[in-house]
Amino acid sequence: MQHQLAIYDMDKTITRVPTYPGFLRHAAMRLAPWRLILLPIVGLTVLAYGFKLIDRQRLKELNQRILLGPHTRRSELATVAASFAEKTLTNNVHPGAFDAIAADRAAGRRLVMATASYRLYVEAIAEQLGFDDVVATNSLTGLDDRVIARVDGENCYGPAKLRMIVAWMDRERLDRDQSHIRFYSDHASDAPVLEWSDEPFAVNAHDELRRLAKQRGWTIVDWGN
């Protein structure tokens, strides 16, 4: 039996704007509002990333530490993740994404969200959208079940995303040769997964991905504003 998978990137593919900055502000407002005065420091970390002084993974870790602290109780994060997911579905999902997800579900495809964003809040969004599985950046967890502001393993971005999807398929005992895979993404950083998939979709594509999609013959779609 062939496995039918529909794998979606999240930020700017399903959503209009990236979710991580919004989640950090949302969580800080509810858990430690005083930390919002540290937002200018977050701006400095973004500049450091822009000048290639730090990588994406370190940028995530620093911003989480600044706005949420070095560690946060998982139960507190679950509460704010649920409310942030509701907010995301109300205000930050492309109309066409709802339609595509519904169509893939109706066709019997297994829905997988594969994103560089943190699992600690992505799972709540994926659940409300009706996804079956999540492949995402993981957080370290301490012995007291506090979530630490550190990435556990790889940041699920670029070539690492493909490695993490393949590892997930291995755990789920999904044979690649017996699977038909659709993959949707807005960004050229996902070229490794787009190349590997059977049906690559360049969604709301930025210029670099649009050029690449035209060269490779990938389907280009726009899910609207």
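Residues numbered from 1 in each chain as written. Predicted model: local features only at pLDDT ≥ 70, side-chain atom pairs only at ≥ 80, totals over all residues. Heavy atoms only, no water.

### Here's the deal with the side chain of D190
- Among the secondary structure elements, D190 is positioned in the loop between β6 (179–185) and α8 (191–196).
- Side-chain polar atoms of D190 contact the side chain of K161, separated by 3.2 Å.
- Here the side chain of D190 touches S185 through a polar contact of 2.6 Å, side chain to side chain.
- Setting aside residues no more than four positions away along its own chain, D190 makes contact with D9, K161, F183 and S185. (Helix = DSSP H or I, 4+ residues; strand = E, 2+ residues; numbered from the N terminus. Polar contact = N/O pair within 3.5 Å; in protein donor to acceptor, adjacent residues only side chain to side chain. Contact = heavy atoms within 4.5 Å.)

### Points about the nonpolar core
- Counting 44 residues, the largest nonpolar core has Y8, I14, F23, Y121 and F131 as its most contacted members.
- Excluding its chain neighbours within four sequence positions, the residues that come into contact with F23 are L68, L77, V80, A81, F84, L120 and Y121.
- Counting 24 residues, the second largest nonpolar core, distinct from the first, contains A114, M169, A202 and A205. (Core = buried A, V, L, I, M, F, W, Y, C linked by side-chain atoms within 4.5 Å. Buried < 20%, exposed > 50% of the residue type's maximum accessible area, 1.4 Å probe, protein only.)

### Some remarks on the sheet that holds strand β3 (residues 110–118)
- The mixed open sheet is built from eight strands, whose spatial order is β2-β5-β4-β3-β1-β6-β7-β8. The open sheet is flanked by β2 (71–73) and β8 (219–221), the only strands paired with a single partner. Taken pair by pair, the neighbouring strands of this sheet meet at an average axis angle of 35°, ignoring direction.
- Pairing analysis gives three bridges linking strand β4 (residues 133–141) to strand β5 (residues 146–152), with the strands arranged antiparallel. Bridge pairing in β5 places T141 opposite V147. (Pairing = 2+ DSSP bridges. Axes fitted to C-alpha atoms, helices over the stretch in contact; angles between N-to-C directions.)

### Side note on the side chain of D186
- Within the element layout of this structure, D186 appears in the loop between β6 and α8.
- Setting aside chain neighbours within four positions, we find D186 in contact with D9, D11, K12, T13, V203, N204, A205, H206 and L209.

### Examining helix α3 (residues 56–68)
- Look at α3: 18 Å from first C-alpha to last across 13 residues, which is about the 18 Å you get at 1.5 Å a residue.
- Here α3 has its buried residues at L59, K60, E61, N63, Q64, I66, L67 and L68.
- Sitting at the head of α3, D55 places a side-chain oxygen 3.3 Å from the backbone nitrogen of Q57.
- Following α3 by one or two positions, G69 has its phi on the positive side, about 95°. (Expected span 1.5 Å × (residues − 1).)

### A look at the pairing of strand β1 (residues 3–8)
- Here β1 pairs with β6 via six bridges, running parallel. From the neighbouring strand, I7 faces β6, where its bridge partner is F183.
- In the sheet, β1 pairs with β3 via four bridges, with the strands oriented parallel. From the neighbouring strand, Y8 faces β3, where its bridge partner is M113.

### Examining a nonpolar patch on the surface
- A cluster of nonpolar side chains, namely L44, L47, F51 and L53, defines an oily patch on the protein surface of about 500 Å² accessible area.
- With respect to the helices and strands, the residue F51 is situated in the loop between α2 (39–50) and α3.
- Take F51: its relative accessible area is 64%, and that puts it in the exposed class. (Patch = residues over 30% accessible without salt bridge, like charges linked within 9 Å, V, L, I, M, F, W, Y side chains within 5 Å. Areas by Shrake-Rupley, 256 points an atom, 1.4 Å probe, with all protein chains shown as cover. Salt bridge = Lys/Arg side-chain N within 4 Å of Asp/Glu carboxyl O.)

### Some thoughts on the packing of helix α1 (residues 20–31) against helix α4 (residues 74–91)
- Relative to each other, α1 and α4 sit at 125°, their axes nearing to 10 Å. On the basis of the axis angle, α1 is oblique to α4. Relative to α4, α1 is oriented so that their crossing is right-handed. Listed contacts from α4 to G22, F23, H26, A27, R30 and L31 of α1 are E76, L77, V80, A81, S83, F84 and K87.
- Of the residues belonging to the contact of α1 with α4, the class tally is seven nonpolar, three polar and three charged. (Parallel < 35°, antiparallel > 145°, perpendicular 65-115°, else oblique. Left-handed = near helix turned anticlockwise from the far one by under 90°. Nonpolar A, V, L, I, M, F, W, Y, C, P; charged D, E, K, R; others polar.)

Nothing here speaks to function; it is all geometry.
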